[in-house]
Amino acid sequence: MARNKHPEETVNLILDVAFQLFMEKGYERTSIQDIINQLGGLSKGAIYHHFKSKEDILVAVTNRMTEESNKMLGYIRDCTGLTGKEKLKKIFKESILRPVQDDIFTVAPDLSHNSRLLYSIFQETIDEAAPNYILPIIEEGILDGSIQTDCPAELAELIVMVANIWMNPMIFNNSAEESYRKFIVFRQMMQGFGLDIIDEELLRRLQELALIYDKNKLK
């Protein structure tokens with residue numbers, strides 16, 4: 001069945017299967033043969049026609065995970081009529097309130113056991129999200145007076161590192177209570193920069209997601 005698909009559909013099938021296996025077993029414990037076994041007859045040669053290695057599959061999986069988020073970030077970055085500070089708040093609101101987050105936190109693995117995937121997420125955060133999306137917003141905020149900092153690039157990295165890495169229970173395997181305390185510290189840190197962008201609605205939503213992940217760990 002898989003052999004009859006168009007190339008794009010075949011690639012998507014490979015990525016769907018690989019993503020699920022990486023989440024369930026971890027990248028290191030997933031083999032190319034594991035992926036083949038769930039592809040409905042697709043051969044190893046067909047896989048290598050599209051991907052040179054398992055690591056290439058990982059990169060494609062990670063890129064697909066971040067594509068939708070980056071589209072949203074780009075839209076907010078480029079929209080008019082908002083200050084830099086307002087754009088930062090909108091980014092957090094749009095990211096956290098998305099219904100798909102429930103699914104992500106429900107099936108989420110302990111990323112501390114997925115070292116290559118964790119590194120890919122870390123690299124994307126520093127090399128893509130911080131300089132291409134958050135930094136331009138901070139620089140705009142400096143110009144319009146809504147953000148005060150002498151180190152915009154460093155502040156951009158700090159924000160995405162804390163939000164995407166330090167506060168992520170999938171990486172540190174935090175309990176819901178531990179995650180909530182991190183959320184409080186993050187809000188206080190942002191307030192220290194004059195950025196009141198985490199309101200009570202977002203704080204409750206973050207706590208809700210942490211509870212979903214905590215419950216999933218007990219299964």
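Just so it is clear, the model here is predicted, and its values are computed rather than measured. Every chain is numbered independently, its residues counted from 1 as its sequence is written. Reporting in this predicted model follows two pLDDT cut-offs: at least 70 for local features of residues, and 80 or more for side-chain atom pairs to be given and counted; totals over whole chains, interfaces and linings ignore these cut-offs and use all residues. Excluding hydrogens and water, the side-chain values take into account all heavy atoms of the structure.

Digging into the overall build of the protein
So, step 1. Per the convention used, a helix needs a DSSP run of H or I reaching at least four residues, while a strand needs a run of E reaching at least two, with both numbered from the N terminus. From N to C terminus, the protein includes 11 helices and zero strands.
So, step 2. Secondary structure elements in the protein, listed N-terminal to C-terminal, are α-α-α-α-α-α-α-α-α-α-α.
So, step 3. Dimensions along the principal axes, computed over C-alpha positions, put the protein at roughly 60 × 40 × 25 Å.
So, step 4. Relative accessibility thresholds used throughout: buried, under 20% of the residue-type maximum; exposed, over 50%; partly exposed, between the two (1.4 Å probe, protein chains only). Within the protein, the fraction of its 219 residues that count as buried is 44%.
So, step 5. Should any heavy atoms of two residues lie within 4.5 Å, those residues are counted as being in contact. Residue pairs in contact within the protein that sit at least 24 positions apart in sequence constitute 69% of those at least 6 positions apart.
So, step 6. Carbon and sulfur atoms provide 53% of the accessible area of the protein, an area that totals close to 11,700 Å². The protein chains shown are the only cover counted for residues, whose accessible areas, like all others here, come from Shrake-Rupley with a 1.4 Å probe.

A few points about a nonpolar patch on the surface
So, step 1. A grouping of Trp166, Phe172 and Val185 is seen on the molecular surface, where their side chains present a nonpolar patch of about 260 Å² in accessible area.
So, step 2. Turning to its location among the elements, Trp166 is positioned in helix 8 (residues 152–166). To count toward a patch, a residue needs a relative accessible area over 30% and no salt bridge; like charges are then connected within 9 Å, while nonpolar side chains (Val, Leu, Ile, Met, Phe, Trp, Tyr) are connected within 5 Å. By salt bridge we mean one thing: a side-chain nitrogen of Lys or Arg within 4 Å of a carboxyl oxygen of Asp or Glu.

Overview of the packing of aromatic side chains
So, step 1. Here the aromatic set is Phe, Tyr and Trp, taking the six-membered ring for Trp, and pairing holds for ring centres within 6.5 Å; pairs whose planes are under 30 degrees apart are stacked, those over 60 apart are edge-to-face, and all others are tilted. All chains considered together, the criterion is met by two aromatic pairs.
So, step 2. Where Phe92 meets Phe186, the ring centres are 5.6 Å apart and the plane angle is 45 degrees; that geometry is what we call tilted. A residue pair is termed long-range when its members are at least 10 positions apart, and Phe92 in helix 5 (residues 84–97) and Phe186 in helix 10 (residues 176–192) qualify at 94 residues.
So, step 3. Judged by relative accessible area, which is 2%, Phe186 ranks as buried.
So, step 4. The positively charged end of Lys182 is found above the aromatic ring belonging to Phe172, 4.1 Å away from the centroid. We count a charge as sitting over a ring when the NZ of a lysine or the CZ of an arginine lies within 6 Å of the ring centre and within 35 degrees of the ring normal.

Side note on the side chain of Asn174
So, step 1. With respect to the helices and strands, Asn174 occurs in the loop between helix 9 (169–172) and helix 10.
So, step 2. Whenever two N or O atoms come within 3.5 Å, that pair is a polar contact, provided that in protein one can donate a hydrogen and the other can accept it, and provided that, for residues adjacent in sequence, both atoms are side-chain atoms. Side chain to side chain, Asn174 and Lys182 meet in a polar contact 3.0 Å long.

Focus on the packing of helix 1 (residues 7–25) against helix 4 (residues 54–78)
So, step 1. Angular values range over 0 to 180 degrees, each being the angle between N-to-C directions of two axes fitted as lines to C-alpha atoms, with helices fitted over their stretch in contact. At a minimum axis separation of 10 Å, helix 1 and helix 4 run at an interaxial angle of 90 degrees. In terms of orientation, helix 1 and helix 4 fall into the roughly perpendicular class. Listed contacts from helix 4 to Asn12, Ile14, Leu15, Asp16, Ala18, Phe19 and Phe22 of helix 1 are Lys54, Ile57, Leu58, Ala60, Val61, Arg64 and Met65. In these notes the angle categories are as follows: under 35 degrees is roughly parallel, over 145 is roughly antiparallel, 65 to 115 is roughly perpendicular, and the rest is oblique.

Overview of unusual backbone geometry
So, step 1. For Asn173, which is not a glycine, the phi torsion comes out positive at approximately 55 degrees.
So, step 2. Here Asn173 is to be found in the loop between helix 9 and helix 10.
So, step 3. Of the residues examined, Asn173 reaches a relative accessible area of 34% and is grouped as partly exposed.

Details of the confidence of the model for the protein
As a general rule, the predicted coordinates of low-pLDDT regions are not to be interpreted in detail.
So, step 1. Each residue gets a pLDDT score, which is the predictor's confidence in that residue and runs from 0 to 100. Averaged over the protein, the pLDDT score is 87; the fraction of residues at 70 or greater is 93%.
So, step 2. When pLDDT is averaged over each element of the protein, helix 8 comes out on top at 95 and helix 6 (residues 100–107) at the bottom at 71.

Thoughts on the environment of Ala60
So, step 1. By secondary structure assignment, the location of Ala60 is in helix 4.
So, step 2. Residues Ala60 and Phe19, 41 residues apart in the sequence, show an inter-C-alpha distance of 9.7 Å.
So, step 3. Ignoring any residue separated from it by four or fewer positions in sequence, one finds Ala60 in contact with Leu15 and Phe51.

Some remarks on the nonpolar core
So, step 1. Counting residues in each nonpolar core, the largest one holds 62 residues, and the members touching the most others are Phe22, Ile35, Ile47, Ile57, Leu88, Phe92 and Phe186.
So, step 2. Here this core gets nine residues from one element, more than from any other, and that element is helix 7 (residues 115–144).
So, step 3. Contact partners of Phe186, with chain neighbours within four places excluded, come to Phe92, Ile159, Val162, Ala163, Met167 and Ile198. Residues belong to a common nonpolar core when they are buried Ala, Val, Leu, Ile, Met, Phe, Trp, Tyr or Cys residues joined through side-chain atoms within 4.5 Å.

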